[in-house]
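Geometric and topological summary
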Amino acid sequence: MIALYRKELRSTFTSWTGYVYLAVFSLISGFIFTTGNLLSQNGDIKSYFASICTVLVFLVPILTMRVFAEERKLRTLQLLFTMPLSLGDIVAGKFLATLTVFCIGFVPTLAYPLILAGYGSVEAAVVAGNYLGLLMLVSACIAIGLFVSALTENQLIAAVVTYALLLALWLLDSTGLTSAAGNGTHLLAYLSLSGHFQAFTYGIFDPADIVFFASLTLLFLAFCVLTLDARKTA
Amino acid sequence: MSDVLVATDLGKRYGDAASVEGVGFTIGQGDVVGLLGANGAGKSTLMNMLTGCTPPTSGAVSVFGHDMWAAPREAKRHIGYLPEMPPLYMDMQVREQLAFAADLRSVAKTARQAEIDRVCAMAGISDVRVRLIRQLSKGYRQRVGLAQALIASPPLLILDEPTAGLDPKQIMDFRALIATLGRQHTILISSHILAEITSVCTRLLVMRRGRLVADSTPAQLGDAHDGGQQLALRVSGGAEPIRAALAGVGGAHLLELCASVEAGCWDASVAIDAHCDPRAAISMALAQAGCPVLMMRPAKATLEDVFMRLAV
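Note that the structure is predicted; figures quoted are calculated from it, not measured.

Conventions adopted
Residues numbered from 1 in each chain as written. Chains lettered and ligands numbered in written order. Predicted model: local features only at pLDDT ≥ 70, side-chain atom pairs only at ≥ 80, totals over all residues. Pairing = 2+ DSSP bridges. Helix = DSSP H or I, 4+ residues; strand = E, 2+ residues; numbered from the N terminus. Contact = placed C-beta atoms within 7 Å. Axes fitted to C-alpha atoms, helices over the stretch in contact; angles between N-to-C directions. Domains from an automatic or database assignment. Nonpolar A, V, L, I, M, F, W, Y, C, P; charged D, E, K, R; others polar. Core = buried A, V, L, I, M, F, W, Y, C linked by C-beta atoms within 7 Å. Buried ≥ 20, exposed ≤ 12 C-beta atoms within 10 Å, placed from the backbone. pLDDT = per-residue confidence, 0-100.

This brings us to the sheet that holds strand E5 (residues 66-67) of chain B. Residues and elements named next belong to chain B. A sheet is described by the order of its strands in space; here four strands give the open sequence E2-E1-E4-E5, paired in antiparallel fashion. Unpaired on one side and paired on the other, strand E2 (17-28) and E5 mark the two borders of the sheet. Across the sheet, helix H1 (residues 43-50) is in contact with strand E1 (3-14), E2 and strand E4 (58-63); its angle to E1 comes to roughly 120°.

See the structure below:
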């Protein structure tokens, strides 16, 4: 698993995808912080996290689209299938490598709360809650992206379908649909990513939200393993 | 001699169609076994099942006593596999690809460089180590795939059509390499080219339409099947009457009919069933068809003829 993790990380940065993600994320992140906090003299870090989480959700497909789609296209999955690796190892290695790239993108943003702290007070719990929330949100989005990538060998299709799924899950509770009465609408509201992320932005560690994101991540990673297993059988 | 690979009643179905059915054999230590069959006979499907790449619909595979589906890690650790299309990352350098394979096979970091040097030298790719795989020719990619299969020196090598894309010189080098590898490894090698297999293998498995139809040494295969006897004929007349006349003779099977160097004549190769002498019947049938026999002599069936009869 470690071997695959290392290879994935290396190949992300030998192709353009890793650099494109880091460049786009850093640019948008810096822009949001500069305009939302520095120029508007706003000391509340929550407004930065509220905007950046939306951006992150839509950057996920850039990194996940190629993960399995490319392996399928090049037929290199056959190499992984015949090496002493389990399907769980393959999925875990790729998931952790993708998550690591996202975490690398977070590193420069650690300076933002420090900058704001220099001009006023920043609550440590709020900052920690936001970073934990981002990590959990991104993990779930990556798991969904990997699952979609395992379904096709076309990277473009993988990216578009991932966008569609994440957009739907993100916007579930901003639509009028979930405010209508009925059990089905409650379920839709419960599946909303933004709804579960909300509490983290206030520094509240609600176990229900943590369990939701962890379950969603594990569920889609399990779907990914099942998809690869079905590929072996086909 | 201990069993390296045991395949028991292997089968693979895609919907209602059986790609491989009831295939069973055992390969012992040090064997160099050829898997022969026409294109579409099920060789690649069988190899994918033997290497754990595809689960069988029925049957079992055991490698050094480890069941491929109950203990896949242990079983796969003993196998080096070169599929028909070498699984290579196009954006990697050759040395990076081999380092990745070494890492996957848990080769110690300190021994990795020496191992890469060793397999590069064996596969003849030392000169392209720092080249990107996407820049290599098909023949070189095939050799990188072979080098990858040799990493960590797995005791069982399974090679699917390994000489595809190689030029004649490379094929000669490859045969020499297999001869060298055969001293240290057990090898299962597939091909639809008979000459390639008979020159390097001590045992042949022949597949036809997903089933194993022969399992013997190249010499036994030539001798045993249908007595291995043939008749070579030169007949005057038309191709169709000759075909029709020979089709009506019991115990004789027309293998090949081609225009002779002698004008107006045809040369035919006819296989004869064991314990059967249809020479008189052939002469009579052709004479009655208005196609006189100008020459008839016994000829030993070549392995190629036996293969054609078994596998096609």
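Next comes the rest of the account.
What follows deals with the domain arrangement of chain B. Examined at the domain level, chain B breaks down into domain 1 (3-223) and domain 2 (227-311). A C-alpha centroid distance of 39 Å is found between domain 1 of chain B and domain 2 of chain B.

Chain A puts 18 residues into the contact, and the matching count from chain B is 21 residues. Where the side of chain A that touches chain B is concerned, the elements lending two or more residues are helix H1 (2-14), helix H4 (77-81) and helix H11 (207-233) of chain A. In terms of residue count, the dominant contributor to the side of chain A that touches chain B is H1 of chain A (five residues). Across the side of chain A that touches chain B, the residue classes tally to seven nonpolar, seven polar and four charged.

The next thing to look at is the nonpolar core. Counting 133 residues, the largest nonpolar core has Leu137, Ala143 and Leu146 of chain A as the members making the most contacts within it. When residues of this core are assigned to their parent elements, the largest contribution, 14 residues, is made by helix H7 (residues 124-151) of chain A. The contacts of Leu146 of chain A, once residues within four sequence positions are left out, are Thr64, Val67, Phe68, Val91, Lys94, Phe95 and Cys224 of chain A. Core analysis: the next-biggest nonpolar cluster, separate from the first, contains 16 residues, Val235, Ala245, Val249 and Ala268 of chain B among them.

Our next topic: the confidence of the model for chain B. Residues and elements named next belong to chain B. Of the residues in chain B, 93% reach a pLDDT of 70 or more, and the chain-wide mean stands at 86. Ranking the elements of chain B by mean pLDDT puts helix H11 (residues 303-311) last with 65 and helix H3 (residues 94-104) first with 94. Predicted complex metrics record ipTM = 0.81 and pTM = 0.78.

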